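# Descriptive analysis of the structure
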Amino acid sequence: MTDELLDRMRALDPARDTDLTPPDELLSALLADFPEPRRRRRFMLALPAGALAAAAAAVIAFTGGSTPDLAAQAYAQTSQARDILYVRARVVSQFGSDRLEMTRENWLYRDRARRHDDVGAKGWSDMVLRPDGSVRFRNRDGQDVVSTDADGPDAQSWHQQLQQNFVAEFRRNYQKGTLDPAGTAEFAGRRAQVYVVDTSGVAPAVPRFKIREGTWTDHREFFIDADDGTPLGSIQESTTKTPGQPAMTSRVVETVEAIEHLEPTPENLAKLSR
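Scope of this entry: the structure provided in the associated data block.

## Focus: the sheet that holds strand β1 (residues 84–95)
- Across the sheet, which stays open at both edges, the 11 strands sit in the order β6-β5-β4-β3-β2-β1-β11-β10-β9-β8-β7 with antiparallel pairing between neighbours. Two strands lie at the open edges of the sheet, namely β6 (144–147) and β7 (180–187), each paired on one side alone. Here the average twist between neighbouring strands, direction ignored, is 20°.
- Where strand β5 (residues 135–139) meets β6, four bridges bridge the pair, whose relative direction is antiparallel. Opposite Arg 138, over in β6, you have Asp 144 as the bridge partner.
- Running at roughly 95° to strand β9 (residues 214–225), helix α6 (residues 166–176) makes contact with β1, β2 (98–109), β8 (190–203), β9, β10 (231–241) and β11 (248–262) of the sheet.

## Focus on the pattern of salt bridges
- For the structure shown, the criterion picks out 13 salt bridges.
- Asp 117 serves as the salt-bridge partner of Arg 104, at 2.8 Å between the closest nitrogen and oxygen. Residue Arg 104 is located in strand β2, and its partner Asp 117 is located in strand β3 (residues 112–118); the two are separated by 13 residues in the primary sequence.
- Given a relative accessible area of 9%, Arg 104 falls into the buried group.
- The class of Asp 117 is buried, set by a relative accessible area of 7%.
- Here the residues in one salt-bridge network are Arg 90, Arg 99 and Glu 101, joined through shared partners.

## Details of the pairing of β1
- With 12 bridges joining them, β1 and β11 adopt antiparallel strand pairing. Among the inter-strand pairings, Val 92 is bridged to a residue of β11, identified as Val 253.
- The antiparallel pairing of β1 with β2 creates a hairpin that spans two residues between the two strands, and Gly 96 there sits at a positive phi of about 60°.

## Focus on the packing of helix α4 (residues 70–77) against α6
- One way to put it is that α4 packs onto α6 with a least axis distance of 10 Å and a crossing angle of 130°. The angle between the axes of α4 and α6 places the two elements in the oblique class. Remark: the crossing between α4 and α6 carries left-handed chirality. Seen from α4, the contacting residues are Ala 71, Ala 72, Ala 74 and Tyr 75; seen from α6, they are Phe 170, Arg 171, Tyr 174 and Gln 175.
- Tallied by class, the residues present in the contact of α4 with α6 amount to six nonpolar, one polar and one charged.

Conventions and cut-offs
Residues numbered from 1 in each chain as written. Predicted model: local features only at pLDDT ≥ 70, side-chain atom pairs only at ≥ 80, totals over all residues. Heavy atoms only, no water. Pairing = 2+ DSSP bridges. Helix = DSSP H or I, 4+ residues; strand = E, 2+ residues; numbered from the N terminus. Axes fitted to C-alpha atoms, helices over the stretch in contact; angles between N-to-C directions. Contact = heavy atoms within 4.5 Å. Salt bridge = Lys/Arg side-chain N within 4 Å of Asp/Glu carboxyl O. Buried < 20%, exposed > 50% of the residue type's maximum accessible area, 1.4 Å probe, protein only. Parallel < 35°, antiparallel > 145°, perpendicular 65-115°, else oblique. Left-handed = near helix turned anticlockwise from the far one by under 90°. Nonpolar A, V, L, I, M, F, W, Y, C, P; charged D, E, K, R; others polar.

Right, dumping it as structure tokens:
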């Protein structure tokens, strides 16, 4: 092909003077929530669920990549970077022969969080993480406690309980790159992609209960809708072994009933502190 022919083709190109560089603001919005997992690169979008498809298409166009994987879609749908993330789940816990069922609600927004556990006739508890880092715990039995960092282990316990929910655990493991795909299964009546996380460690001694130091293992399976990436829930099985004591086992099934993004209006922000 001659230079003359190339010049004629360029002259006939209707888009020859168009700047195809994507705007910085658009790129920043699309790529604002992209942590770098160690195992493999994934597309992670800090957008409400309703904008997921359009954002994914835009990223594909800019990067030349393929459709984001299911874990990336679930990560995008559980972002609380711009909106308040509300999650309601049904939690069934089995500790030995003891069984407990409850409805758990979580509100997550930046440096604020709230968790409400309702066990029906057995009562309820409510924990709020405030912007100053303090945690307020209250229940219908009249307990009302505010803990700060100065309270040491007690404050740490409240923080840990607030962090123990399906969404927070899933997002932490996604960011760390520790979600291992483990095929598909049925969960809550839907076909799901399974992601497994196995952890273990040392169980600290608790002198006042005469419990010696031991070991613990934890196996957790996260279930993501195999068609649209909707988070469905998880199953967590844990075992603690203490010398001279029988092993303690637990199984917790958390089934997500609702995921909503709420605008940070004064009315919705008030839900974080009730």
